[in-house]
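Given next are the chains, with one letter for each unit.
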Amino acid sequence: MRFLLDDEQREFAQSLDALLKSADTPAVVRAWSNGDHGPGRALWGRLAEAGVFGLSVPGEHDGLGFLPVELAVAFTELGRHAVPGPLVETVAAAALLDGLGDRHTTWLPGIASGKTVVTLSPPEDDSPYALDADMADLVLVVTGDTLRAAGSTGPVQPSADPARRLSRPTEGTVLAEGPQVRRAAAHAADVGRLATAAQALGVGRTLLDRTVAHVRERHQFGRPVGSFQAIKHRLADVLISLAFTEPLVHAAALSLASAAGDSGRDIAAAKAAAGDTVHLAARTALQCHGAIGYTDELDLSLWIRKSRSLRTAWGTPSACRVRVLTPFQG
């Protein structure tokens, strides 16, 4: 099967690319890492105006409706530009709140408009931390059949990616209980995994693009290092991996949009593939850049650090493979 974006979806991707190119996202990432959320919140508002956060909010709550394919398109661009913040968590939280009925949808218009930033501790993750809880307007925690709004959060913890500011939320106020919470949380987890897979795909693309540009410029023995066969083979492996991952992400989005078949298994397959691909892209980028690839001053480090966290966020590769294989066991 071939999964091709239509003209509107391609134009949406191009408009986000243009928006983010003009935003100097490396500077935004570095400010965010230092606890200065001003530039990031300004960019958040521009992304909301472009419709990014409305893609998981119903039209009756000022959103664009639940559009998984467009969500995957948007998050691929967000990954390409290393945009910081609880992007995945906000759209997953919107899906969670929408699944709980009218009493819990009062936050949705604010999410769609970008005025409300929500973070969500991944429902199926054993980690006690929530991303960017120190700056979020609402911190949600799901434990079994119970949804709580955290009353406060602990100090920000050190992270391999300084732009991922993790802190431990308190249990807080109970917002909802019962089987409906578990069902809504499972759907939110699928949305989170899909968005994370798309983000990882975008990070992988930028790692490849920047590495190709570098090996064309760097010379050794009087030749560009990109002309060496060993370098070509490594870059070709990344390109092939990206080419195989993209249709898996699009297929998972279509599966979630149609609610046909086992969308959870399709999303897990895409997440596992995207995690492996972004890891390969990061490792190759480091090897091809040499010692300079390890420096904080090089913008490449922003994508390399993000790749490590995206590989395990919202489902490790091993957990996703278990989900893929479970229907065939026994």
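Conventions adopted
Residues numbered from 1 in each chain as written. Predicted model: local features only at pLDDT ≥ 70, side-chain atom pairs only at ≥ 80, totals over all residues. Heavy atoms only, no water. Helix = DSSP H or I, 4+ residues; strand = E, 2+ residues; numbered from the N terminus. Rg over C-alpha atoms; globule rule 2.2 N^0.38 Å. Buried < 20%, exposed > 50% of the residue type's maximum accessible area, 1.4 Å probe, protein only. Contact = heavy atoms within 4.5 Å. Areas by Shrake-Rupley, 256 points an atom, 1.4 Å probe, with all protein chains shown as cover. Axes fitted to C-alpha atoms, helices over the stretch in contact; angles between N-to-C directions. Parallel < 35°, antiparallel > 145°, perpendicular 65-115°, else oblique. Left-handed = near helix turned anticlockwise from the far one by under 90°. Nonpolar A, V, L, I, M, F, W, Y, C, P; charged D, E, K, R; others polar. Pairing = 2+ DSSP bridges. Expected span 1.5 Å × (residues − 1). pLDDT = per-residue confidence, 0-100. Salt bridge = Lys/Arg side-chain N within 4 Å of Asp/Glu carboxyl O.

Peer 1: Looking at this model, I keep getting lost on the overall build of the protein. Mind explaining?
Peer 2: Helix and strand content of the protein: 11 helices and 10 strands. Relative to a compact globule of 330 residues, whose C-alpha radius of gyration would be 20 Å, the protein shows 19 Å and is just as compact. Projected onto its principal axes, the C-alpha positions of the protein cover 70 × 50 × 40 Å. Looking at the 330 residues of the protein, the share that counts as buried comes to 54%. Taking all contacts inside the protein whose residues are at least 6 apart in sequence as the whole, residues at least 24 apart take part in 72%. Entry remark: accessible area of the protein is about 14,700 Å², with carbon and sulfur atoms responsible for 52%.

Peer 1: Whenever I open this one, the packing of helix α9 (residues 263-289) against helix α10 (residues 300-312) confuses me. Can you help?
Peer 2: The geometry of a pair of packed helices is captured by two quantities: the angle between their axes and the separation between those axes. Between α9 and α10, the shortest axis-to-axis distance is 9 Å and the interhelical angle comes to 150°. The orientation of α9 with respect to α10, classified from their angle, is roughly antiparallel. Here the hand of the crossing between α9 and α10 comes out left-handed. Facing α9, whose interface residues are K271, G275, D276, V278, H279, A282, A285, L286 and H289, α10 presents L300, I304, S307, L310, R311 and T312. The class makeup of the residues in the contact of α9 with α10 is seven nonpolar, five polar and three charged.

Peer 1: Honestly, the environment of D62 in this entry has me stumped. Any pointers?
Peer 2: Mapped onto the elements, D62 comes out in the loop between β1 (56-57) and β2 (65-66). The exposed category is assigned to D62, whose relative accessible area is 59%. D62 sits 49 residues away from I111 along the chain, and the two C-alpha atoms are 9.2 Å apart. Once residues lying within four places of it in the same chain are set aside, the contact partners of D62 are P109 and A112.

Peer 1: For this particular structure, what's the right way to read the sheet that holds strand β8 (residues 173-177)?
Peer 2: Sheet strands pair by backbone hydrogen bonding; their relative direction is either parallel or antiparallel. Strand order in this open sheet of four strands is β3-β5-β6-β8, and the pairing throughout is mixed. Edge positions in the open sheet fall to β3 (118-121) and β8, since each of these has one partner strand only. Going from strand to strand, the sheet's axes swing by 25° on average, the running direction of each strand aside. As defined by bridge partners, strand β5 (residues 138-143) adjoins strand β6 (residues 146-149) across four bridges and the pair is classed as antiparallel. The residue of β6 that forms the bridge with T143 is T146. Against the sheet, helix α5 (residues 87-98) engages β3, β5 and β6, with an angle of about 80° to β3.

Peer 1: Would you mind going over helix α4 (residues 68-80) with me for this structure?
Peer 2: Two residues of an α-helix separated by three or four positions point the same way, owing to the 3.6 residues in each turn. If you check α4, its first and last C-alpha atoms are 18 Å apart, about what 13 residues at 1.5 Å a residue would give, namely 18 Å. With 13 of 13 residues buried, α4 lies mostly within the body of the structure. A82 sits one or two residues past α4 and shows a positive phi near 55°.

Peer 1: In this structure, what is going on with the confidence of the model for the protein? I would like to understand it.
Peer 2: Segments scoring low in pLDDT should not have their predicted coordinates read at a detailed level. With 97% of its residues at a pLDDT of 70 or more, the protein has an overall mean of 91. At the level of individual helices and strands, the protein shows its lowest average pLDDT in strand β9 (residues 219-220), which scores 76, and its highest in α4, which scores 97.

Peer 1: Please clarify how the pattern of salt bridges should be interpreted in this entry.
Peer 2: Where charged atoms from two side chains of opposite charge approach closely, those side chains can pair. In the structure shown here, the tally under the stated rule is 13 salt bridges. For the salt bridge of D17 with R80, the shortest nitrogen-to-oxygen distance reads 3.4 Å. Placement of the pair is D17 in helix α1 (residues 7-21) and R80 in helix α4, with a sequence separation of 63 residues. Shared partners join several salt bridges into a network, and the residues in it are D17, K21, E77 and R80.

Peer 1: How do you make sense of the environment of G79 when you look at a structure like this?
Peer 2: With respect to the helices and strands, the residue G79 is situated in helix α4. Sequence-wise, G79 and F53 are 26 residues apart; in three dimensions their C-alpha atoms are separated by 15 Å. The contact partners of G79, leaving out residues within four places of it in the chain, are Q199, G202, V203 and W303.

Peer 1: Before we go on, may I ask you to explain α5 in this structure?
Peer 2: Over its 12 residues, α5 runs 17 Å from end to end, which matches the ideal 16 Å to within 8%, given 1.5 Å per residue. Counting buried positions over the 12 residues of α5 gives 11, a clear majority of the element. L87, V88, E89, T90, V91, A92, A93, A94, A95, L96 and L97 are the residues of α5 that are buried.

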